[in-house]
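Listed here are the chains, written in short residue letters.
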Amino acid sequence: HSKEITAEKLIKHELVHQSQMDRLGVVGFYIAYTWEWISGLIRFRSFSKAYRENRFEKEAYEND
């Protein structure tokens with residue numbers, strides 16, 4: 001994904017997260033997101049890679 005962050009891309013990115021919350025419920029989203037991130041931390045031993053490899057972030061970046 002492009003490293004350039006525009007207001008439009010940020011809004012689209014966050015709207016994808018809103019859609020994820022709509023699908024999973026707010027609590028369900030945060031539980032799943034946190035579990036995914038913690039699993040990534042264990043697997044990659046890197047905060048940034050755990051973030052980049054998080055399926056919720058991947059979906060948001062692919063659609064921003």
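Residues numbered from 1 in each chain as written. Predicted model: local features only at pLDDT ≥ 70, side-chain atom pairs only at ≥ 80, totals over all residues. Heavy atoms only, no water.

Caption draft 1: Representation of the packing of aromatic side chains in the model. Evaluated as defined, the whole model comprises six aromatic pairs. Taken together, a centroid distance of 6.2 Å and an interplanar angle of 85° make the contact between Tyr 51 and Tyr 61 edge-to-face. Taken together, the residues Tyr 51 in helix 3 (residues 47-52) and Tyr 61 in helix 4 (residues 55-62) connect sequence positions ten residues apart. Judged by its relative accessible area of 29%, Tyr 51 is partly exposed. Put simply, the rings of Phe 29, Tyr 30, Tyr 33 and Phe 56 touch in pairs and so form one group of aromatic residues. (Phe/Tyr/Trp six-rings, centres within 6.5 Å; stacked < 30°, edge-to-face > 60°. Helix = DSSP H or I, 4+ residues; strand = E, 2+ residues; numbered from the N terminus. Buried < 20%, exposed > 50% of the residue type's maximum accessible area, 1.4 Å probe, protein only.)

Caption draft 2: Region of interest: unusual backbone geometry. The backbone of Arg 45 sits at a positive phi, close to 55°, despite the residue not being glycine. Within the secondary structure, Arg 45 is located in the loop between helix 2 (26-44) and helix 3. Look at Arg 45 and you get exposed, because its relative accessible area is 76%.

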